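Examining the three-dimensional arrangement
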There are 2 protein chains.
Amino acid sequence: MPAAPPSTTWADHARSELARAGLRTGGARAEVVGLLAEQGCVLSAQAIHERLREADRRVGLASVYRALDVLTTLKLVHRLDVDGTACYEPADPSGEHHHHAICRHCGRMSAFEDPALETLIDELGRRLGYAVDAHDVVLRGACPDCAPR
Amino acid sequence: MPAAPPSTTWADHARSELARAGLRTGGARAEVVGLLAEQGCVLSAQAIHERLREADRRVGLASVYRALDVLTTLKLVHRLDVDGTACYEPADPSGEHHHHAICRHCGRMSAFEDPALETLIDELGRRLGYAVDAHDVVLRGACPDCAPR
DNA sequence: GACCTTACTGAAAACGATTCCCACTTCCAG
DNA sequence: CTGGAAGTGGGAATCGTTTTCAGTAAGGTC
């Protein structure tokens, strides 16, 4: 499990970006930001909704989706489609990010990062004439626990 | 646009693999294989259904999904989730494959391949202790036409 | 070729994720 | 205050996908 990024930093960054975009604070959006900040790993919209409920923060599911949509547009969170369900995680303002490997058997997700991969992808974008502003890499297979050997 | 792979070859391969798996021939599954064979690029289940309709091959939508499920399990097609919708394309028996770049503006999809990327991903899987049997790479941004410069 | 078993199929219902709609609340400016 | 716009929650609607079920047909057996 990767260490959680400095939560307060991202949350503050997100809040100021939201303000800068002329959006009001308070309410559901703030709750979503708050919850995402303390989560290191990807969460589905429904999972976020559920956790907020558990924490007695009543937030409508629709508002969670709306908040995530805004955050994604502002590039404050990364969205990742896995098995037809969208998952979200805070995006480090520095641009630093990781990718995921998903186990076919236990469904667990591991994160990894690799500078060489990033460099290669940049170069590929350039070769295609694309102005690449995001990319996903997903590995699928058997994790060390599920495929002992 | 990449040249279409030798259609007959993949279709034949697919048919023989299906037979080898003890599955019956004829009917909806054959239609799906036939259609996929002549399509170079990714297609959603709904798109496949629609095209079969247009070609007067009446195939139920459920059967299209079922056929795609079988083909995916047998690794005869690759499945790619894009924007929460599953898309499929024939998988070359040689294992050779490509990845995709999607334009944020026009939505068009370009394919590319890169041996170095494949090598790097293999190595990453090894480093993680993962028995990686599939991987996706998706680039997003502005295509050359939409971002002139 | 007739028969039987069982896989396969299509249509419709069920389903889960996401979006839309609408009435209500909250915030802010005047 | 007060009016308007942004934001919100809940439920209805939508979309892609899966399941259910009754009917069809493939493939082996005689």
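Preceding this paragraph is the structure being described.
First things first, this report covers the structure right here in the doc. (Residues numbered from 1 in each chain as written. Chains lettered and ligands numbered in written order. Predicted model: local features only at pLDDT ≥ 70, side-chain atom pairs only at ≥ 80, totals over all residues.)

What follows is about the protein's contact with DNA strand C. What surrounds DNA strand C is a group of 23 residues, the closest being A:Ala62, A:Ala86, B:Gly27, B:Gly60 and B:Ser63. Ranked by residues supplied to the surface near DNA strand C, first place goes to helix H4 (residues 61-73) of chain B with 4 residues. By residue class, the composition of the surface near DNA strand C is 10 nonpolar, 8 polar and 5 charged. (Near = placed C-beta within 6 Å. Helix = DSSP H or I, 4+ residues; strand = E, 2+ residues; numbered from the N terminus. Nonpolar A, V, L, I, M, F, W, Y, C, P; charged D, E, K, R; others polar.)

Each side of the interface is counted separately: chain B has 31 residues, and chain A has 31 residues. Among the elements of the structure, strand E5 (109-112), helix H5 (115-128) and strand E6 (131-142) of chain B are those that each provide at least two residues to the side of chain B that touches chain A. Of all the elements, E6(B) adds the most residues to the side of chain B that touches chain A, at 12 residues. Residue composition of the side of chain B that touches chain A, grouped by class: 20 nonpolar, 6 polar and 5 charged. (Contact = placed C-beta atoms within 7 Å.)

Turning our eyes to something else, we now look at the environment of B:Asp12. Residues and elements named next belong to chain B. Turning to its location among the elements, Asp-12 is positioned in helix H1 (residues 7-20). Here Asp-12 falls in the partly exposed class, since 14 other C-beta atoms lie within 10 Å of it. Counting along the chain gives 22 residues from Asp-12 to Gly-34, while the straight-line C-alpha distance between them is 9.6 Å. (Buried ≥ 20, exposed ≤ 12 C-beta atoms within 10 Å, placed from the backbone.)

Our next topic: the environment of A:Tyr65. Residues and elements named next belong to chain A. As for its placement among the helices and strands, Tyr-65 is situated in helix H4 (residues 61-73). The class for Tyr-65 is partly exposed, based on 16 C-beta atoms found within 10 Å. As a C-alpha pair, Tyr-65 and Ile-121 span 56 residues in sequence and 30 Å in three-dimensional space.

Residue and element names in this part refer to chain A. Here 3 strands make up an open sheet; going across it, the order is E1-E3-E2 and the pairing antiparallel. Looking at the sheet topology across the chains shown, the edges are occupied by strand E1 (43-44) and strand E2 (77-82). Bridge count for E1 against strand E3 (residues 85-90) is 2 bridges, and the pairing is antiparallel. Pairing of Ser-44 across the sheet is with Cys-87, part of E3. (Pairing = 2+ DSSP bridges.)

Another aspect to go through is the sheet that holds strand E5 (residues 109-112) of chain A. With mixed pairing, the 6 strands of this open sheet are ordered in space as E5(A)-E4(A)-E6(A)-E6(B)-E4(B)-E5(B). In the strand order of this sheet, the two ends are held by E5 of chain A together with E5 of chain B, each with one partner. The sheet shows a mean angle of 25° between the axes of neighbouring strands, direction not considered. The pairing of strand E4 (residues 99-103) of chain B with E5(B) spans 4 bridges and is classified as antiparallel. Bridged to B:His99 within E5(B) is B:Phe112. (Axes fitted to C-alpha atoms, helices over the stretch in contact; angles between N-to-C directions.)

Where helix H5 (residues 115-128) of chain A meets H5(B), the axes come as close as 11 Å, and the angle between the chain directions of the two elements is 160°. On the basis of the axis angle, H5(A) is roughly antiparallel to H5(B). Note on packing geometry: the crossing formed by H5(A) with H5(B) is left-handed. Listed contacts from H5(B) to A:Ala116, A:Leu117, A:Leu120 and A:Leu124 of H5(A) are B:Ala116, B:Leu117, B:Leu120 and B:Leu124. Classifying every residue of the contact of H5(A) with H5(B) gives 8 nonpolar, no polar and no charged. (Parallel < 35°, antiparallel > 145°, perpendicular 65-115°, else oblique. Left-handed = near helix turned anticlockwise from the far one by under 90°.)

The next thing to look at is the protein's contact with DNA strand D. Close to DNA strand D lie 23 residues, the nearest being A:Gly27, A:Gly60, A:Ser63, B:Ala62 and B:Ala86. Only helix H2 (28-37) and H4 of chain A together with helix H3 (45-54), H4 and strand E3 (85-90) of chain B provide two or more residues apiece to the surface near DNA strand D. For the surface near DNA strand D, the per-class residue count stands at 9 nonpolar, 9 polar and 5 charged.

Here we come to the relation of the copies chain B and chain A. Expressed as a screw transformation, the operator carrying chain B onto chain A has a rotation angle of 179° and an axial translation of 0.1 Å, and the superposed copies differ by an RMSD of 0.1 Å. One copy is carried onto the other by what is essentially a two-fold rotation axis. (Least-squares fit on C-alpha atoms with pLDDT ≥ 70 in both.)

Helical geometry note: an α-helix holds 3.6 residues per turn, so side chains three or four residues apart project in the same direction. All names here are of chain A. With 13 residues, H4 extends 19 Å between its outermost C-alpha atoms, agreeing within 8% with the 18 Å of an ideal straight helix rising 1.5 Å per residue. Within H4, the full set of buried residues consists of Val-64, Ala-67, Leu-68 and Leu-71. Projected down its long axis, H4 carries its buried residues within an arc of 100°, all on one side. Along H4, the residues that are exposed and aim more than 90 degrees away from the buried face are Ala-62 and Thr-73. (Expected span 1.5 Å × (residues − 1). Arc of directions from axis to C-beta.)

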